[in-house]
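# What the coordinates show
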Amino acid sequence: MNEPEQNVIANPQSAEPESQVRSRPAAGAPGPGTAIFAAQDVSVYYSSFRAVTDVSLSIYENEITAFIGPSGCGKTTVLRTLNRMNDLVAGARVEGEVHYRGASLYAKDVSPTAVRRRIGMVFQKPNPFPKSIFDNVAYGPRINGIRNRGELNEIVERALRQAALWDEVKNRLNASGLSLSGGQAQRLCIARTLAVEPDVVLMDEPCSALDPIATGAIEDLMREIKSRYTIVIVTHNMQQATRVSDRTAFYSVLRDEHSDTRTGVLVEYGRTEQIFEDPVDSRTKAYVTGRMG
């Protein structure tokens, strides 16, 4: 392997213009920082079906960006383009450009494995491995070649502390990860992601299966760790988007009446307060006010 990560970890580039995104900055809002991702005219296909069309947006460092919209609008599909998870789906292909820190994610010489080491993902349903709590968190570092027990101990403690789980499990690290409650299991999965020190954490509806208390703990965690990571979250919970995100992208669906197919489209993207308080597009306003589901 010819140093594939060199093609992924490039010097930060300035933000690309979001020429095809209908948004305007909120009054007094700070300007954008470093663009971690820049997507331009991205469409995603599953075989001949176009699931998402012409998405252009930039995602910024040390911010939480929320993707919202009705079911079937392509939120998760776009999220999965950011760490090439769609590569694992037979027949999937991406058109357009997706850059991560100035490097093309889909260049021929870029390793998807290297991409996913830098851009971690937390899934909708907590999925601890059938291993001990310790081994769940140490799994990634071990895959990356770390064998020293002392170093692994430090990594596991650090990741569990970052995931706000250390105090709850420090005396039972040898217990099965499957023994944890839903909220604890999701934080364990977040710790497992953080253990390999990613640059970006993608979260696909991480709270959809959790109760309000566990959801609050995950939201507190996101706010805490965004100073060290860039976070992108898919959520159906608009209140959650307003609570935790700095920017929000609203997706909707284009329906083809003849073929009865639905294609996701990015309608509007901007600062979260602007999207919810002063949206530009009437479709955004209808969705965030509950007039459109």
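Now for a quick tour of the structure. For clarity, every value in this text was computed on a predicted model and none was experimentally measured.

What follows deals with the overall build of the protein. Counting its regular elements, the protein contains ten helices and ten strands. Here the protein, with 293 residues, has 52% of them falling under the buried criterion. Considering only contacts in the protein between residues 6 or more positions apart, those separated by 24 or more positions represent 70%. By element, 47% of the accessible surface of the protein is carried by carbon and sulfur atoms, the whole surface being about 13,400 Å².

Below, the discussion takes up the environment of A185. For A185, the location among the structural elements is in helix α6 (residues 182-194). With a relative accessible area of 6%, A185 lands in the buried category. It is 7.4 Å that separates the C-alpha atoms of A185 and N127, two residues lying 58 residues apart in sequence. The residues contacting A185, other than those within four sequence positions of it, are P126, P128 and L180.

The next thing to look at is the pairing of strand β7 (residues 200-204). Among the five residues that make up β7, five are buried, leaving the element largely enclosed by the rest of the structure. The alternating pattern of β7 places V200, L202 and D204 on one face and V201 and M203 on the opposite face, and all of these are buried. Two strands pair when backbone bridges link them, and strand β6 (residues 119-122) and β7 are joined in this way by four bridges, in the parallel orientation. Bridged to G120 within β7 is V201. In terms of strand pairing, β7 meets strand β8 (residues 230-234) through five bridges, oriented parallel. Bridge assignment links L202 to a residue of β8, and that residue is V232. Following the backbone out of β7, through helix α7 (residues 212-225) and into the adjacent parallel β8, one traces a crossover that is right-handed.

The next subject is the layout of surface pockets. Put simply, the largest pocket is a space of about 600 Å³. Lining the largest pocket are 21 residues, and of these R116, G120, Y139, G140 and V196 sit closest to its centre. Residue assignment for the lining of the largest pocket shows that the elements contributing at least two residues are α2 (112-118), β6, α3 (133-143) and α6. Ranked by the residues each element gives to the lining of the largest pocket, the list is headed by β6, at four residues.

The tally for this structure, following the rule as stated, stands at 15 salt bridges. With its nearest N and O atoms 2.6 Å apart, the salt bridge here joins R247 to E63. Highlighted residues: R247 in strand β9 (residues 247-256) and E63 in the loop between β2 (49-60) and β3 (64-68), separated in sequence by 184 residues. Assigned by exposure class, R247 and E63 land together as buried. Ionic pairing is found between R93 and E95, a salt bridge with its closest N-O pair at 3.6 Å.

Rules used in this analysis
- Residues numbered from 1 in each chain as written.
- Predicted model: local features only at pLDDT ≥ 70, side-chain atom pairs only at ≥ 80, totals over all residues.
- Heavy atoms only, no water.
- Helix = DSSP H or I, 4+ residues; strand = E, 2+ residues; numbered from the N terminus.
- Buried < 20%, exposed > 50% of the residue type's maximum accessible area, 1.4 Å probe, protein only.
- Contact = heavy atoms within 4.5 Å.
- Areas by Shrake-Rupley, 256 points an atom, 1.4 Å probe, with all protein chains shown as cover.
- Pairing = 2+ DSSP bridges.
- Right-handed = clockwise from strand over helix to strand, strands pointing away.
- 1 Å grid on protein atoms, 1.4 Å probe; cavity = no way out; pocket = protein on both sides within 12 Å on 5 of 7 lines; lining within 4 Å.
- Points joined across faces, edges and corners; volume = space filled by probe spheres on them.
- Salt bridge = Lys/Arg side-chain N within 4 Å of Asp/Glu carboxyl O.

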